[in-house]
Structures are given as structure tokens and as C-alpha cells.
Amino acid sequence: MIVRIWRTGIDPARAAEYERFAEERSLPMFRAQPGFRGVLFTTAADGGRAVISFWEDDRAVELLDRSETYRETASALGSSGILRGEQSVEVLIAHGGALPG
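Residues numbered from 1 in each chain as written. Predicted model: local features only at pLDDT ≥ 70, side-chain atom pairs only at ≥ 80, totals over all residues. Heavy atoms only, no water.

**Here's the deal with the nonpolar core**
Ranked by internal contacts, the top residues of the largest apolar core, which has 20 residues, are Tyr-18, Phe-30, Trp-55 and Leu-77. Secondary structure elements with two or more residues in this core: strand E1 (2-10), helix H1 (15-31), strand E2 (36-43), strand E3 (49-55), helix H2 (58-66) and helix H3 (68-79). Once residues within four sequence positions are removed from consideration, Phe-30 is found in contact with Phe-36, Val-39, Phe-41, Val-51, Trp-55 and Leu-64. Within the second largest apolar cluster, five residues are counted, among which are Val-3, Ile-5, Ile-52 and Phe-54. (Core = buried A, V, L, I, M, F, W, Y, C linked by side-chain atoms within 4.5 Å. Buried < 20%, exposed > 50% of the residue type's maximum accessible area, 1.4 Å probe, protein only. Helix = DSSP H or I, 4+ residues; strand = E, 2+ residues; numbered from the N terminus. Contact = heavy atoms within 4.5 Å.)

Here it is in C-alpha cells:
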């Protein structure tokens, strides 16, 4: 399994809007991707956000990066003005552990 972590800052005054976007746009988009296994939308103590997604294999992550719906969703969020600071992506290979389901 592959773990993909996208980190960003957001405008604190627009946190509720970010949460709605995650539930209404990002979650359905992720669910429609081949090889998708799960996602967590998280908040750090400093208010930063991370989207931790789980993928069947490297190919699924490659397909995500090329997906038109992913690019449209990312573009819509990027142009919304909600995001602040730098964004980063980290891809990890999972070794052991367990996920429900």
C-alpha cells in the first residue's frame, strides 16, 4: 500500500469552507479514483492541514496525478483563496499496520 500526504496551510477564517470543500468535492473525487483505499483530512496543532490518502500501489498514485478530475479539484481549491503558505506532497510505502475494512 502507498500513503500520499499533501500538506498545506489555510486561511483560519475560512476553515469551515475548507472542510466543506473536502467533504463535498475532494472526498467524492478521491473515491472515484482507481486504486483508492481511503483518506483522512487532518488538522495539525498549528492549524496546518494534511490530506493523508491510501492507495493500492504506485500505479494508482500515478493515475491520480494524471487524473483530470483530480487536477480540476486541486485547481478549484487553489483558486479559491483558502490555501496559505507552501504545499508539499510526500509519498511513502506502507510496511505493516492495519486499516479497517
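**Observations regarding the packing of H1 against H3**
Where H1 contacts H3, the two axes come as close as 10 Å, and the packing angle between them is 170°. By the angle class used here, H1 and H3 are roughly antiparallel. Across the interface between the two elements, Tyr-18, Phe-21, Arg-25, Ser-26 and Met-29 from H1 touch Thr-69, Tyr-70, Glu-72, Thr-73, Ala-76 and Leu-77 from H3. (Axes fitted to C-alpha atoms, helices over the stretch in contact; angles between N-to-C directions. Parallel < 35°, antiparallel > 145°, perpendicular 65-115°, else oblique.)

**A few points about the packing of H2 against H3**
Viewed as axis vectors pointing N to C, H2 and H3 meet at an angle of 55°, and their least axial separation amounts to 5 Å. For the element pair H2 / H3, the angle class is oblique. On H3, the residues touching Leu-64, Asp-65 and Arg-66 of H2 are Glu-68, Tyr-70 and Arg-71.

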